[in-house]
Every structure is written in C-alpha cells, then in structure tokens.
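Spelled out, the chains give:
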Amino acid sequence: MNIVIPEGSGPVGLYGFARPRPERAEELERLLLSFVEPTRAEPGAWQYQVHRDASDPTTLVFYELWRSADDLRDHLAQPDLVRFQETRMDYLREDLEIHWLTPLTADVTPAHA
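Below is a summary of the structure that appears in this document.

**Examining the sheet that holds strand E3 (residues 60-66)**
Taken in spatial order, the 4 strands make up an open sheet running E2-E3-E1-E4, and their pairing is antiparallel. With partners counted over all chains shown, the strands left at the sheet margins are strand E2 (45-52) and strand E4 (97-101), one partner each. Here the average twist between neighbouring strands, direction ignored, is 15°. Helix-sheet contacts for helix H3 (residues 69-76) involve strand E1 (12-18), E2, E3 and E4, and the interaxial angle to E3 is about 130°.

Printed below as a string of structure tokens:
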C-alpha cells in the first residue's frame with residue numbers, strides 16, 4: 001500500500017480500518033496502541049485515537065487529525081511506522097482501509113498548540 005496523502009494547505013484528517021488475522025489480533029491491537037503516546041507527542045498531531053468497531057469487535061478503527069499533510073508525512077517517516085508499513089500484512093487479513101477527511105470546522109483544539 002502506497003499511502004498518498006491529499007494535498008492541501010490546512011489540516012488533514014483520516015479514519016481507517018485494520019482487520020487483523022485472527023491469530024494476530026491481540027498482537028496488532030498492542031502494536032497500534034503502542035503508537036498512541038509517541039504519536040500524540042509529535043508537534044503536528046492534533047488527534048490520534050484507536051477504537052474497536054462496536055458492530056465488529058475484530059476490527060480496529062483509527063482516527064487521526066493532523067495540522068498539515070507535511071506533519072502526517074513526517075509521522076509516517078518515523079522508524080516504527082515505516083517498519084509497520086513494511087510488515088503490516090503479517091498482521092492483517094486485508095490491507096488497511098483509509099478514508100481521507102478535509103476538516104470543515106475552524107474550531108479545532110489541537111493537543112499541541
């Protein structure tokens with residue numbers, strides 16, 4: 001999967017689905033949760049959440065909001081994220097499903113001002 005980040009001058013958001021292989025589900029969950037704290041510490045990270053789908057508990061859902069596309073690119077270049085991108089199919093039964101969002105509200109309260 002080649003992640004193509006939409007171009008734009010403002011914030012960029014995304015949500016996605018990670019559907020793990022049954023035998024790797026707990027491991028994938030731990031891995032995704034391990035990204036939360038360091039990602040939230042990145043300067044451009046406004047939101048970074050991991051959820052479990054209420055209608056399908058085997059599916060993990062992630063939501064991210066970034067100050068800019070460049071901040072998201074910097075995030076994806078972090079060694080742990082590069083390694084995950086390279087090995088993700090070891091954990092997944094199908095590739096990540098990512099949906100891009102263009103925030104319309106101007107009242108975003110970032111975690112890091």
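**Quick word on the pattern of salt bridges**
Applying the stated criterion across every chain, the model contains 9 salt bridges. For the salt bridge of glutamate 7 with arginine 73, the shortest nitrogen-to-oxygen distance reads 2.6 Å. Here arginine 73 lies in helix H3 and glutamate 7 lies in the segment before E1, a separation of 66 residues in the sequence. Salt bridges linked by common partners bring Glu7, Asp70 and Arg73 together as one network.

**Some remarks on the pairing of E3**
Counting buried positions over the 7 residues of E3 gives 6, a clear majority of the element. Bridging between E1 and E3 involves 7 bridges; their strand directions are antiparallel. Across the sheet, leucine 14 pairs through a bridge with glutamate 64, a residue of E3. Across 7 bridges, the pairing between E2 and E3 is antiparallel.

**Observations concerning the nonpolar core**
Membership of the largest hydrophobic core comes to 21 residues, with the highest contact counts inside it found for Ala18, Leu28, Leu32, Leu72 and Phe84. Those residues in contact with leucine 28 that sit more than four places away from it in its chain are Ala18, Pro20, Leu60, Phe84, Tyr91 and Leu92.

**Focus on H3**
Every buried residue of H3 is listed here: Ala69, Asp71, Leu72, His75 and Leu76. Along the axis of H3, the buried positions cluster into a sector of 160°, meaning they face one direction only. Along its buried surface, H3 packs onto E1, helix H2 (36-40), E2, E3, helix H4 (79-87) and E4.

Each value, and the rule that gives it
Residues numbered from 1 in each chain as written. Predicted model: local features only at pLDDT ≥ 70, side-chain atom pairs only at ≥ 80, totals over all residues. Heavy atoms only, no water. Pairing = 2+ DSSP bridges. Helix = DSSP H or I, 4+ residues; strand = E, 2+ residues; numbered from the N terminus. Axes fitted to C-alpha atoms, helices over the stretch in contact; angles between N-to-C directions. Contact = heavy atoms within 4.5 Å. Salt bridge = Lys/Arg side-chain N within 4 Å of Asp/Glu carboxyl O. Buried < 20%, exposed > 50% of the residue type's maximum accessible area, 1.4 Å probe, protein only. Core = buried A, V, L, I, M, F, W, Y, C linked by side-chain atoms within 4.5 Å. Arc of directions from axis to C-beta.

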